[in-house]
Amino acid sequence: YIQEGGKQKITGTITDENGKALSGVNIVIENSTMGTVSKADGSFEITPNVNAGRLAISYIGYNLKYISFWWKAPTLRVPKSPECSYFSGFSICLT
């Protein structure tokens, strides 16, 4: 997570169970039209327009997963530390 020009930006990397980057993973702010897709190196960035919510992460062949987030100035908070979530088949690390 980083702050840029007063807006909070969530950045991260998505990899499979072997640590290989996953490209084309959909990352969407739940209940919104804001979203992005991971790049070839598995990285992504998204600037939420809400102070709290969930990232909905979907990829072909995997179950839909969620990561909660909320802002407590000046940093992003997620429920686990370090900011990595491990799911069956892949992991997501917020940076």
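All values derive from a computational prediction rather than experimental measurement. (Residues numbered from 1 in each chain as written. Predicted model: local features only at pLDDT ≥ 70, side-chain atom pairs only at ≥ 80, totals over all residues. Heavy atoms only, no water.)

1. A look at the overall build of the protein chain
Here is step 1: Scanning the protein chain for helices and strands turns up 0 helices and 10 strands.
Here is step 2: Going through the 95 residues of the protein chain one by one, you find that 36% of them count as buried.
Here is step 3: Carbon and sulfur atoms make up 50% of the accessible area of the protein chain, which totals about 5,600 Å². (Helix = DSSP H or I, 4+ residues; strand = E, 2+ residues; numbered from the N terminus. Buried < 20%, exposed > 50% of the residue type's maximum accessible area, 1.4 Å probe, protein only. Areas by Shrake-Rupley, 256 points an atom, 1.4 Å probe, with all protein chains shown as cover.)

2. Some remarks on the side chain of Asp16
Here is step 1: Here Asp16 shows up in strand E2 (residues 7-16).
Here is step 2: For the buried Asp16, which has no salt bridge, the nearest side chain bearing the opposite charge is Lys20, at an N-O separation of 5.6 Å. (Lys, Arg positive; Asp, Glu negative; His and termini not counted. Salt bridge = Lys/Arg side-chain N within 4 Å of Asp/Glu carboxyl O.)

3. Quick notes on the packing of aromatic side chains
Here is step 1: Under the counting rule described, the total for this entry stands at 1 aromatic pair.
Here is step 2: Relative to Tyr62, the ring of Tyr59 lies with its centre 5.6 Å away and its plane at 35°, an arrangement referred to as tilted.
Here is step 3: Look at Tyr59 and you get partly exposed, because its relative accessible area is 26%.
Here is step 4: Above the face of the Tyr66 ring, Arg54 is positioned so that its terminal group lies 3.8 Å from the ring centre. (Phe/Tyr/Trp six-rings, centres within 6.5 Å; stacked < 30°, edge-to-face > 60°. Lys NZ or Arg CZ within 6 Å of the ring centre and 35° of its normal.)

Bear in mind that shape data such as this cannot, by itself, settle questions of function.
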